[in-house]
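One letter stands for each residue in the lines below.
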Amino acid sequence: MTVWDPQQYAQFWDQRRRPALDLVARLAPAEPPARILDLGCGPGTVTTLLAGRWPAAEITGVDSSPEMLAEARALLPQVTWREGDLTTFTPDQAPDLLFTNAALHWVPGHETLIPRLFGLVAAGGSLAIQVPDKWDQPSHTIAFEIAAQDRWREALRGAIDPHPLLSPDRYLELLLPLAADVDLWTTTYHHVLEGTDPVVEWFLGSFLRAFLSRLDEADGHEFVAEYAEAMRRAYPTRADGRTVMPFQRLFLIARAEA
């Protein structure tokens, strides 16, 4: 099945962009950033927030998905878009802002990755990160339980790390010795969703792709059907037809010495 579907990801855009808006709002650089690197830019929808906040900045968006980058190029042709691996990409010039929204949970090895990314930032610049922190919630634990069943285990082993994040304390331990200051916080959004199986529709645009990309269409439909049944129990529809899904996010801003 397709690895990424930009149209599927665009569903619930108002809710999906809230964390990015909150991260951008928390940034208060002494000077407007001249160069911005959006790492894991996806279809460029969040990059539009950066371009709107700092219209004079030279922005580069990097993603590993050609499908997402095609959408991004059509959306913001003035931005430089590059296909690349988030773990190894090195910009030609150090960015004043290295921004990464809802991407690094796909990338292993945060013990070395986070200091490396901070090391790419220009003097006085900032590393700004937002990642989903929902790995102990039913939307995620149940998907891993299904993937571990006998019929799926071989195909789905290692599809995605069930615990991709470090603890907040560990992120601080890694960055406090390196940074002028570090701001770290978590927020839980209580998304009120509409439509049929909205939790499934939400994660068909993101988390579930890790599993579905390893299955053919028939097996993928069966996996989603089992997941959907479990989500209806875990996130029941209210009497008014809407579904509430709590979603915790982790935010981090580290500023380099000037």
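Residues numbered from 1 in each chain as written. Predicted model: local features only at pLDDT ≥ 70, side-chain atom pairs only at ≥ 80, totals over all residues. Heavy atoms only, no water.

Enquirer: Report on the packing of helix α5 (residues 110-119) against helix α8 (residues 168-175), specifying residues and quantitative values.
Expert: Orientation of α5 relative to α8, taken along the N-to-C sense of each, is 45°, at an axis distance of 10 Å. When the interaxial angle is binned, α5 and α8 end up oblique. Here the hand of the crossing between α5 and α8 comes out right-handed. For the pair α5 and α8, contact is made by H110, E111, I114, P115 and F118 and by R170, Y171, L174 and L175, respectively. (Axes fitted to C-alpha atoms, helices over the stretch in contact; angles between N-to-C directions. Helix = DSSP H or I, 4+ residues; strand = E, 2+ residues; numbered from the N terminus. Parallel < 35°, antiparallel > 145°, perpendicular 65-115°, else oblique. Left-handed = near helix turned anticlockwise from the far one by under 90°. Contact = heavy atoms within 4.5 Å.)

Enquirer: A description of the sheet that holds strand β2 (residues 58-63) should follow, citing residues and the corresponding values.
Expert: Spatially, the seven strands line up as an open sheet ordered β3-β2-β1-β4-β5-β7-β6, and their pairing is mixed. Taken across any chain shown, the strands that pair with only one partner, and hence form the sheet edges, are β3 (80-83) and β6 (181-193). Neighbour-to-neighbour, the strand axes of this sheet turn through a mean angle of 15°, independent of strand direction. Where strand β1 (residues 35-39) and β2 come together, five bridges link them in parallel fashion. In the sheet register, L39 faces β2, and the bridge partner there is V62. (Pairing = 2+ DSSP bridges.)

Enquirer: Would you mind going over unusual backbone geometry in detail, with residue names and values included?
Expert: A negative phi angle is the norm for most residues apart from glycine, just as the trans form is the norm for most peptide bonds. For A102, which is not a glycine, the phi torsion comes out positive at approximately 55°. By the secondary structure assignment, A102 is in the loop between β4 (97-101) and α5. At D197, a residue that is not glycine, the phi angle is positive and equals roughly 45°. Mapped onto the elements of the fold, D197 is located in the loop between β6 and α9 (198-204).

Enquirer: Give a description of the side chain of D38 that names residues and reports values.
Expert: With respect to the helices and strands, D38 occurs in strand β1. With no salt bridge to any partner, buried D38 finds its closest opposite charge in R249, at an N-O distance of 13 Å. Leave out the neighbours within four places in its chain, and D38 touches T47, L50, T60, G61, V62 and F99. (Buried < 20%, exposed > 50% of the residue type's maximum accessible area, 1.4 Å probe, protein only. Lys, Arg positive; Asp, Glu negative; His and termini not counted. Salt bridge = Lys/Arg side-chain N within 4 Å of Asp/Glu carboxyl O.)

Enquirer: Give me the lowdown on the packing of helix α6 (residues 138-147) against helix α11 (residues 217-234), citing residues and values where you can.
Expert: At their nearest, the axes of α6 and α11 sit 10 Å apart, and the two run at 145° to each other. For the pair α6 and α11, the sense of crossing is right-handed. Across the interface between the two elements, P138, S139, I142, A143, I146 and A147 from α6 touch F223, E226, Y227, A230, M231 and A234 from α11. Across the contact of α6 with α11, the residue classes break down as ten nonpolar, one polar and one charged. (Nonpolar A, V, L, I, M, F, W, Y, C, P; charged D, E, K, R; others polar.)

Enquirer: Give a detailed account of the pairing of β2, specifying residues and quantitative values.
Expert: With five of six residues buried, β2 is to be regarded as a mostly interior element. Inspection of the sheet shows β2 paired to β3 by four bridges, in the parallel sense. Bridge assignment links G61 to a residue of β3, and that residue is W81. With respect to chirality, the unit in which β2 leads through helix α4 (residues 66-75) into the neighbouring parallel β3 is right-handed. (Right-handed = clockwise from strand over helix to strand, strands pointing away.)

Enquirer: Just give me the short version of empty space enclosed by the protein, but keep the residues and values in it.
Expert: The final tally for this structure, using the stated rule, is one cavity of 30 Å³ or more. In this model, the largest cavity occupies a volume close to 40 Å³. In terms of lining residues, the largest cavity is bounded by L104, H110, I114, I129, V131, Y171, L250 and L252. Partitioned by chemical class, the residues of the lining of the largest cavity number seven nonpolar, one polar and no charged. (1 Å grid on protein atoms, 1.4 Å probe; cavity = no way out; pocket = protein on both sides within 12 Å on 5 of 7 lines; lining within 4 Å. Points joined across faces, edges and corners; volume = space filled by probe spheres on them.)

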